[in-house]
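Listed below are the residues making up each chain.
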Amino acid sequence: MIGNYFTAIFDYKIDSMEPILSLSHLKKYYATQKAVDDISFDIQKGSIFGLLGPNGAGKTTLLRMITGIFYPDQGSIILDGQPFRPSEDISKIGYMPEERGMYKKMKIGEQALYLAQLKGLSKAEATEKIKYWFQKLEMESWWNKKVEDLSKGMSQKLQFVVTVLHEPKLIILDEPFSGLDPVNANLIKDEIYALAKKGSTIIFSTHRMEQVEEICDHIVLVNLGKKILDGTVAEVKQSFKENIFSIETDSPENISDNNIFTVVRKDVNKIFVKINDGNNSNEVLSHLINNNIRIVSYNELLPSLNEIFIKLVESTHSTTRAFQNI
Amino acid sequence: MHKIWLIIQREYSTRVKNKRFLLVTFLMPLLMMGLIFGSAYLSTTGIEHRTIAVIDPNGFVKNALKNTDQIEFKFPENIDTNNYSKNGYTDILILPKFEKNNKSDYILRSKKSMGLMLQNSISEKINNAIEDQLLQDAGIQQNTLDSIHKASQVAELKAYEDKGNVSKESNAGLAMGIGYASGFLIYITLFIYGTMVMRGVMEEKTNRIAEVIISSVKPFELMLGKIIGIGAVGLTQFALWIVLIISLTSIGMGLLPADIQHQVTTLQQSNGQMGMAQASESAMRIYNMQHTIATANWPLILSCFVFYFLGGYLFYSALFAAVGSVVNEDPQDAQSLVFPITMPIIFSYIITNMVTQNPNTPLAFWASIIPLSSPMVMMARIAYGVPSAVSYWELALSMTLLIGGFLFTTWLSGKIYRTGILMYGKKVSWKTMIKWAFTKQS
């Protein structure tokens, strides 16, 4: 009852919020391929959104359209309730591309200042904000260094600062943790949470599914230019569950197939069973109890995003292959 | 507009603050002067010495073959082609008996072949001797001949160009010099600054900062900002060179002895009418040089130079930027792609060399109108005077076409650039680049 009440409030909160970004029927075709083929989705304000997909799926093209680098062939982008106008809205967006770099010979402070001014900040504002962020991420001593003197991880940190410096409403991070050690990765992760809390929306593009599971609220999976999955992480996991339960017990050898479930795999003191259609998890439990099997733990096994990702990507590939053969 | 300004500032200040820029700016004029004086010095000291044995059955040639620093003529007995080198001679010159109405060749044999200049000077001496002998045979006295020679060396051609009622002294040598120098300067700077633009674009692409920046500015703004910024670096360099040259010459003038300086000033005041007697030879020479330089229309030449430098630079640097944007890490790609751009520059330079001598041929006209070559060729023609060598409408047409030309190349390159700068790992040809330019893209 109380749970329902809370979800109701939660649902209400989400429904009432306008999406910060709304893509509808976005298309971008190249001479040889359909890079983005009719993709639509919404991103809620203040959420951390995962854009997933294998290499060459069309993620980068999609992100470049959202950042105004490319114009879509068809479809519309609504940013913050208004049709997206690349030249004016650029300051609302912070984009950290996957292929990113800096001017090697330029001093780090000057470089950050330059990039911040290009985003529309005045020199004084930019200086103040750079100082704030450099202090926060322990980078103050870097101001007069050159980028060529930085390690890859250090320049990654600089990239991040430059991306979020102008307090954009929408922050797009393409593989933000690549090349970062765990300490710095955590540092950045905490900043991402803090930014989302303050009201920024974060689009997070990566191949690292364990990070997505940890960080993201909502995900979209694209492959071959099409959207093949859209939902919250919990919803997606639920929808891909296969009714497999793990049973921890000291006598797994006493459990075997029956009309309620089928054994999928056996370990030393663990057994995985798949519930047959028409039965539920309680029936499994009562069957085990009736058979005097001592249960240590009983859990539903939800698929990891990694498994879902691989499964979906492989199936879309095989359908295209099948089509190509015709 | 504000963002383009930021880009221009960055491009300009990172280059001008660079130590290499200052080094090049101050060393280049010194290096040029060093080169000129150095080669002059080498040409006077590094000469070989020759001793030539002459067999002369005529007798009259002997007086004409005077020894110089380089050549010593000797007239030994019993010498022939077999033993001249054993006897310490480097060459042997065998003259036949010269007769009237009879062309007969003379022969030079050497162990080491003789340079063209030396050969010419020897044959000139001999031919003059023959001419003199023939004139004397015809009854002209030696002293009459000498005075004729002297008189013919004194006179010199003074050319004037007519502008309405006013005749202005013109100087073809100066025009040629200015035309050549400005053409050459534009040629060199097109290469230097064009490649600077290309390398800058390549740097942004290979450092992968391009995508970060064009998420803030339009690709076209980034390209244009770079081109303008580097162009401003070029103008700064020219300005510094002019200041440097003027101050160096005035320092040089200041170092001259006081009486020569005084004489030069007097010559200037009297418009050169002071006369040979009062002025020393060096003062006269300095005055003449100044006088000749002053005959050129410097304000026109300088402003046209700035215009054609900028026009040519904008025309070509946009193309260089386009090439830079499609090149991947491999610099070899750049070399083959840049070839169609460097070819017209080199051709224009060759044409310029011809035009400095003949400013009014059809080739000179067309090459100075077409924007591919006009920056260099038109400068060579302008040196001969406007409107006497280049009429106003030609100048206007050439300038208009150049402006149109660089607008076109900038537009073309902008289209190529926006696609190229984000494309990695693909080898691109000019054909694909042109295709990008003329199909509607993102």
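Rules and cut-offs
Residues numbered from 1 in each chain as written. Chains lettered and ligands numbered in written order. Predicted model: local features only at pLDDT ≥ 70, side-chain atom pairs only at ≥ 80, totals over all residues. Helix = DSSP H or I, 4+ residues; strand = E, 2+ residues; numbered from the N terminus. Contact = placed C-beta atoms within 7 Å. Rg over C-alpha atoms; globule rule 2.2 N^0.38 Å. Buried ≥ 20, exposed ≤ 12 C-beta atoms within 10 Å, placed from the backbone. Domains from an automatic or database assignment. Nonpolar A, V, L, I, M, F, W, Y, C, P; charged D, E, K, R; others polar. Axes fitted to C-alpha atoms, helices over the stretch in contact; angles between N-to-C directions. Parallel < 35°, antiparallel > 145°, perpendicular 65-115°, else oblique. Left-handed = near helix turned anticlockwise from the far one by under 90°. Pairing = 2+ DSSP bridges. Core = buried A, V, L, I, M, F, W, Y, C linked by C-beta atoms within 7 Å. pLDDT = per-residue confidence, 0-100.

Q: Pulling in residues and values, what's your account of the overall build of chain A?
A: When helices and strands are counted, chain A shows eleven helices and 14 strands. Along the first, second and third principal axes, the C-alpha atoms of chain A reach 75 × 50 × 45 Å. Taking the intrachain contacts of chain A between residues at least 6 apart in sequence as the baseline, contacts between residues at least 24 apart amount to 67%.

Q: For the overall build of chain B, give the residues involved together with the corresponding values.
A: Assigned secondary structure in chain B consists of 16 helices and six strands. Relative to its length of 442 residues, chain B is extended, with a C-alpha radius of gyration of 30 Å against a globular reference of 22 Å. Dimensions of chain B along its principal axes, counting C-alpha atoms only, are 90 × 60 × 45 Å. Taken across its 442 residues, chain B has 30% of its residues classed as buried. Expressed as a percentage of contacts within chain B between residues at least 6 apart in sequence, the contacts between residues at least 24 apart total 69%.

Q: Tell me what's going on with the domain arrangement of chain B, and back it up with residues and numbers.
A: According to the domain assignment, chain B contains domain 1 (48–112) and domain 2 (171–245 + 296–438). The C-alpha centroid of domain 2 of chain B is placed 56 Å from the C-alpha centroid of domain 1 of chain B.

Q: Can you lay out the environment of phenylalanine 347 of chain B for me, pointing to particular residues and giving the numbers?
A: Assignment of secondary structure puts phenylalanine 347 of chain B in helix α12 (residues 331–355). For the pair phenylalanine 347 of chain B and serine 429 of chain B, spaced 82 residues apart in the sequence, the C-alpha separation amounts to 22 Å.

Q: Give a description of the interface of chain B and chain A that names residues and reports values.
A: Across the boundary between the two partners, chain B contributes 15 residues, which contact 19 residues of chain A. Of the residues contributing to the side of chain B that touches chain A, the split by class is six nonpolar, five polar and four charged.

Q: Lay out the packing of helix α4 (residues 108–118) of chain A against helix α1 (residues 2–16) of chain B in plain terms, naming residues and giving numbers.
A: Between α4 of chain A and α1 of chain B, the least distance of the axes is 9 Å, while the angle of their chain directions is 160°. One way to sum up the angle between α4 of chain A and α1 of chain B is to call them roughly antiparallel. Regarding α4 of chain A and α1 of chain B, the two cross each other, and that crossing is left-handed. Only Lys3, Leu6 and Arg10 of chain B of α1 of chain B make contact with α4 of chain A, whose side of the interface consists of Tyr114, Gln117 and Leu118 of chain A. Taken together, the residues of the contact of α4 of chain A with α1 of chain B break down into three nonpolar, one polar and two charged.

Q: Tell me about the domain arrangement of chain A, residues and numbers included.
A: Domain annotation of chain A identifies domain 1 (25–238) and domain 2 (242–301). Taking the mean C-alpha position of each, domain 1 of chain A and domain 2 of chain A sit 44 Å from one another.

Q: For the sheet that holds strand β4 (residues 107–110) of chain B, give the residues involved together with the corresponding values.
A: Residue and element names in this part refer to chain B. Taken in spatial order, the four strands of this open sheet run β2-β1-β3-β4, and their pairing is mixed. Each edge of the sheet is formed by a strand with only one pairing partner; in this case those strands are β2 (71–74) and β4. This sheet shows a mean twist of 25° between the axes of neighbouring strands, independent of strand direction. Here strand β3 (residues 91–94) pairs with β4 via four bridges, running antiparallel.

Q: Pulling in residues and values, what's your account of the nonpolar core?
A: Among the nonpolar cores identified, the biggest contains 132 residues, and Ala112 and Ile172 of chain A together with Val197, Ala321, Val323 and Met379 of chain B are the most heavily contacted of them. Within the second largest apolar cluster, 13 residues are counted, among which are Val54, Val61, Ile71 and Phe73 of chain B.

Q: Tell me about the environment of alanine 196 of chain A, and name the residues and values.
A: Examined against the element boundaries, alanine 196 of chain A turns out to sit in helix α7 (residues 182–197). Sequence-wise, alanine 196 of chain A and glutamine 82 of chain A are 114 residues apart; in three dimensions their C-alpha atoms are separated by 21 Å.

Q: Hey, could you go over the packing of helix α6 (residues 172–206) of chain B against helix α11 (residues 298–326) of chain B for me, with residue numbers and the actual values?
A: All names here are of chain B. Contact geometry for α6 and α11: axes closest at 8 Å, N-to-C directions at 30°. When the interaxial angle is binned, α6 and α11 end up roughly parallel. At the point where α6 passes α11, the crossing takes the right-handed sense.

Q: Quick rundown of the sheet that holds strand β10 (residues 226–232) of chain A? Include the residues and the values.
A: Residues and elements named next belong to chain A. Spatial ordering of the open sheet is given by β6-β7-β8-β3-β9-β10, a layout of six strands whose pairing is mixed. Since the sheet does not close on itself, it has two edges, and those belong to β6 (93–96) and β10, each with one partner. Looking at each pair of strands side by side, their axes are set apart by 15° on average, direction ignored. Contacting β6 and β7 (170–174), helix α6 (residues 152–164) crosses the sheet at an angle of about 160° to β6. Packing of α7 onto the sheet brings it into contact with β3 (48–52), β7 and β8 (201–206), and relative to β8 it is tilted by some 145°.

Q: Break down unusual backbone geometry for me, citing the residues and quoting the values.
A: For residues besides glycine, phi is generally negative; the peptide bonds are generally trans as well. All names here are of chain A. Backbone geometry at histidine 25 places phi at a positive 50°, although glycine is not the residue there. Mapped onto the secondary structure, histidine 25 falls in strand β1 (residues 19–29). Of note, the phi angle at glutamate 175 is positive, near 50°, even though the residue is not glycine. With respect to the helices, strands and loops of the structure, glutamate 175 is situated in the loop between β7 and α7. What makes glutamate 175 partly exposed here is the crowd of 18 C-beta atoms within 10 Å.

Q: Could you give an account of the pairing of β3 of chain A, naming the residues involved and the relevant values?
A: By the criterion of burial, β3 of chain A is predominantly enclosed, with five of the five residues buried. Burial of β3 of chain A is two-sided: the residues Ile48, Gly50 and Leu52 of chain A facing one way and the residues Phe49 and Leu51 of chain A facing the other way are all buried.

Q: Give me the lowdown on the pairing of β3 of chain B, citing residues and values where you can.
A: Of the strand pairs in this sheet, strand β1 (residues 50–55) of chain B and β3 of chain B are connected by four bridges, and their pairing is parallel. Its bridge partner being in β3 of chain B, isoleucine 52 of chain B is matched across the sheet by aspartate 91 of chain B.

Q: Go over helix α14 (residues 374–382) of chain B, please, and point to the residues and values.
A: Burial analysis of α14 of chain B places nine of its nine residues in the buried class, which makes it a mostly covered element. Contact partners of the buried residues in α14 of chain B: α6, α11, α12, α13 (362–369) and α15 (392–420) of chain B.

Q: Let's hear about the confidence of the model for chain A: which residues, and what values?
A: Residues and elements named next belong to chain A. Summarising the model, chain A shows a mean pLDDT of 84, and 92% of its residues fall at 70 or more. Mean pLDDT values over the elements of chain A span from 45, in helix α1 (residues 2–16), up to 93, in β7. Ignoring residues within four places in sequence, the model shows residues 321–326, a span with pLDDT below 50, making zero contacts including any to other chains.

Q: Any chance you could break down the environment of histidine 207 of chain A for me, citing the residues and the numbers?
A: The topology assignment puts histidine 207 of chain A in the loop between β8 and α8 (209–215). Along the sequence, histidine 207 of chain A and lysine 129 of chain A sit 78 residues apart, while their C-alpha atoms lie 31 Å from each other.

Q: I'd like a description of the confidence of the model for chain B, backed by residues and values.
A: The predicted structure's coordinates, where accompanied by low pLDDT, should not be read in detail. Residues and elements named next belong to chain B. Averaged over all residues, the pLDDT of chain B is 84; the fraction at 70 or higher stands at 92%. Considering each helix and strand of chain B separately, the mean pLDDT is smallest for strand β6 (residues 166–170), with a value of 61, and largest for α15, with 93. Interface confidence for the predicted complex, given as ipTM, is 0.79, next to a pTM of 0.78.

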